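The lines below spell out each chain.
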Amino acid sequence: MADKINIAVVGLGKMGLSHYAIANVHPMANAVACDDSRFISDVLKKNAQVTIHSDYAKMLATQNLDAVVIATPSRLHASMAYAALEKGLHVFCEKPFCLNWQDSLRLAELAKDKGVVTQVGYHYRYVGAFQEVRRILNSGALGNITHVQAEAYGPVVLRHRRSTWRTDNSEGGGCLYDYAAHPLNLLNWFFGTPTQVSGSVLTRVFSEDADDQVMSTLRWDNGPTAQLSVNWSDESHRKMSTKITMIGTNGRLFADRQECQLYLRNADPELPTYTKGWNVRYTTDLTDDVWFYLRGEEYSAQLDGFITAVAQGKPDLILNDFASATETDKTMSMILSNADTGMPVGEAPIVTQPAPAKRRGWFRL
């Protein structure tokens with residue numbers, strides 16, 4: 001186990017500054033930064049003792065690094081991650097991973113060949129309530145899941161304005177890649193890559209070059225049907241709000257960042273602390289304490305997980321590696337294709353469960 005790892009945070013926007021702040025005080029890391037904006041560099045150097053490089057390629061060639069954190073606009077992720085992997089470095093990349101899922105697949109395979117630690121910034125996998133959802137699903141206590149609602153709403157684009165990199169499809173991928181990626185990543189974590197995507201609609205509200213809301217239907221072999229509903233032009237929410245609702249043959253489940261609510265028709269021995277009827281577990285009770293809190297314990301927890309995995313040489317500690325992020329990129333590609341053509345993408349789901357009994361009487365009409 002290394003005493004400290006040398007890590008560079010690339011891109012000093014909102015997320016990059018957050019990652020740098022966490023990495024800079026981590027007891028197992030020595031952090032430097034990289035950004036080609038002279039304005040950002042001048043401000044940081046004036047107000048803090050920060051080592052900042054302006055040329056990514058030169059930094060990789062000249063500095064003794066163990067890992068990089070990539071927090072640049074989405075279109076740069078693939079090339080930057082590839083350059084770091086070729087140097088044998090461990091890579092944390094902000095979401096979305098890549099705008100072309102084939103790039104994601106190639107990078108995941110290269111990372112596996114190199115034997116390095118990889119991670120993508122899907123921080124909701126580190127939220128206690130969503131971790132509890134996965135535990136409940138794995139227990140089987142909810143029975144057969146028949147329907148899922150995955151939602152995300154927030155106030156990102158609230159008026160007509162000149163586009164930014166986030167609202168440019170070629171730069172950031174719009175609402176689908178920047179917002180819908182989060183609930184989709186949770187669905188992938190719970191059920192895997194969907195077998196079929198249909199009914200996808202991407203519409204603009206205020207943006208000129210990107211979608212502001214996304215709706216889609218996802219289906220899995222012998223699994224549930226999920227409805228995706230995402231809108232980042234929703235002023236009724238102060239900040240991003242991600243929600244998961246599930247209905248199963250033995251109850252109902254709801255989870256967001258704050259809590260996990262579970263209704264059981266009958267108690268199940270696989271969940272001994274849950275009783276028949278309504279049960280509520282709060283994120284504060286489900287989440288392990290973090291050594292450093294910034295923006296939310298899940299942000300500190302995911303970067304701490306990455307640094308610890310690198311220092312200990314244990315890629316299996318990661319909850320959201322390149323391979324799992326590739327599932328999400330593929331799912332978003334399926335949604336885009338379905339929205340463009342209007343035709344379902346993927347095969348019709350296999351259903352081996354017994355067919356429901358035929359209805360009789362006036363129901364038959």
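Note that this is a predicted model, so its numbers are computed, not measured.

Enquirer: Can you break down the sheet that holds strand S11 (residues 241-248) residue by residue, with the values?
Expert: Read from one edge to the other, the open sheet built from nine strands follows the order S14-S13-S12-S11-S7-S10-S9-S8-S15, with strand pairing classed as mixed. Since the sheet does not close on itself, it has two edges, and those belong to strand S14 (277-282) and strand S15 (345-346), each with one partner. Where strand S9 (residues 213-219) and strand S10 (residues 225-231) come together, seven bridges link them in antiparallel fashion. Residue pairing in the sheet places Val214 in a bridge with Val230 of S10. Contacts between helix H6 (residues 128-139) and the sheet are confined to strand S7 (145-153), S11, strand S12 (251-255) and strand S13 (259-264), with S13 contributing the most and set at about 25° to the helix. On the sheet, helix H10 (residues 322-341) packs against strand S8 (196-203), S9, S10 and S15 and is oriented at approximately 70° with respect to S8.

Enquirer: Which residues make up unusual backbone geometry, and what are the values?
Expert: Along the chain, Lys95 connects to Pro96 via a cis peptide bond; the corresponding omega equals -5°. Position of Pro96 among the secondary structure elements: in the loop between strand S5 (90-93) and helix H5 (101-114). Of note in this structure, Asn222 is not a glycine but carries a positive phi near 50°. Relative to the helices and strands, Asn222 is located in the loop between S9 and S10.

Enquirer: Provide a residue-level description of the pairing of S10, including the pertinent values.
Expert: With five of its seven residues buried, S10 lies for the most part within the structure. Pairing geometry for S7 and S10, over seven bridges, is parallel. Following the sheet pairing, His147 is matched in S10 by Thr225. Counted along the chain from S9 to the antiparallel partner S10, the turn is five residues long, and its residue Asn222 has a positive phi close to 50°.

Enquirer: Give a description of the state of the cysteines that names residues and reports values.
Expert: Applying the stated rule across the entire model yields zero disulfides. Cys98 supplies the cysteine sulfur nearest to Cys93, a cysteine that is in no disulfide, at a spacing of 6.4 Å. Taking the relative accessible area as the measure of exposure, Cys93 reaches 0% and is therefore buried. Looking at Cys98, the relative accessible area reads 2%, which means it is buried.

Enquirer: Tell me about the packing of helix H7 (residues 174-191) against H10, and please be specific about residues and values.
Expert: Taken N-terminus to C-terminus, the directions of H7 and H10 make an angle of 120°; their axes are 9 Å apart at the nearest point. By the criterion of interaxial angle, the relationship of H7 to H10 is oblique. When you trace H7 past H10, the crossing you get is right-handed. Together, Leu176, Tyr177, Ala181, Leu184, Asn185 and Asn188 of H7 and Ser324, Glu327, Thr328, Thr331, Met332, Ser333, Ile335 and Leu336 of H10 make up the contact between the two elements. Along the lines of polarity and charge, the residues of the contact of H7 with H10 split into seven nonpolar, six polar and one charged.

About the cut-offs
- All residue numbers here refer to positions counted from 1 along the written sequence of the relevant chain.
- Totals for whole chains, interfaces and linings use all residues, but because this is a predicted model, local features are given only for residues with pLDDT of at least 70 and pairs of side-chain atoms are given and counted only at 80 or more.
- Calculated side-chain values reflect all of the structure's heavy atoms, with hydrogen atoms and water omitted.
- Criterion used throughout: strands pair if DSSP finds at least two bridges between them.
- Secondary structure elements follow DSSP: runs of H or I no shorter than four residues count as helices, runs of E no shorter than two count as strands, and numbering proceeds from the N terminus.
- Only heavy atoms matter for contacts: two residues are in contact if any of them lie within 4.5 Å across the pair.
- Axis lines are fitted through C-alpha atoms, for helices just across the contact stretch, and the angle between N-to-C directions can take any value from 0 to 180 degrees.
- Buried means the residue's accessible area, taken with a 1.4 Å probe over protein chains only, is under 20% of the maximum for its type, while exposed means over 50%, and partly exposed covers the values in between.
- By convention in this document, the label disulfide applies to cysteine sulfur atom pairs within 2.5 Å.
- Oblique is the label for every angle not falling under 35 degrees (roughly parallel), over 145 degrees (roughly antiparallel), or within 65 to 115 degrees (roughly perpendicular).
- Left-handed is the label given to a crossing in which the near helix is rotated counterclockwise from the far helix by less than a right angle, and right-handed is the label when the rotation is clockwise.
- Residue classes follow a fixed rule: Ala, Val, Leu, Ile, Met, Phe, Trp, Tyr, Cys and Pro count as nonpolar, while Asp, Glu, Lys and Arg count as charged, and any other residue, Gly among them, counts as polar.

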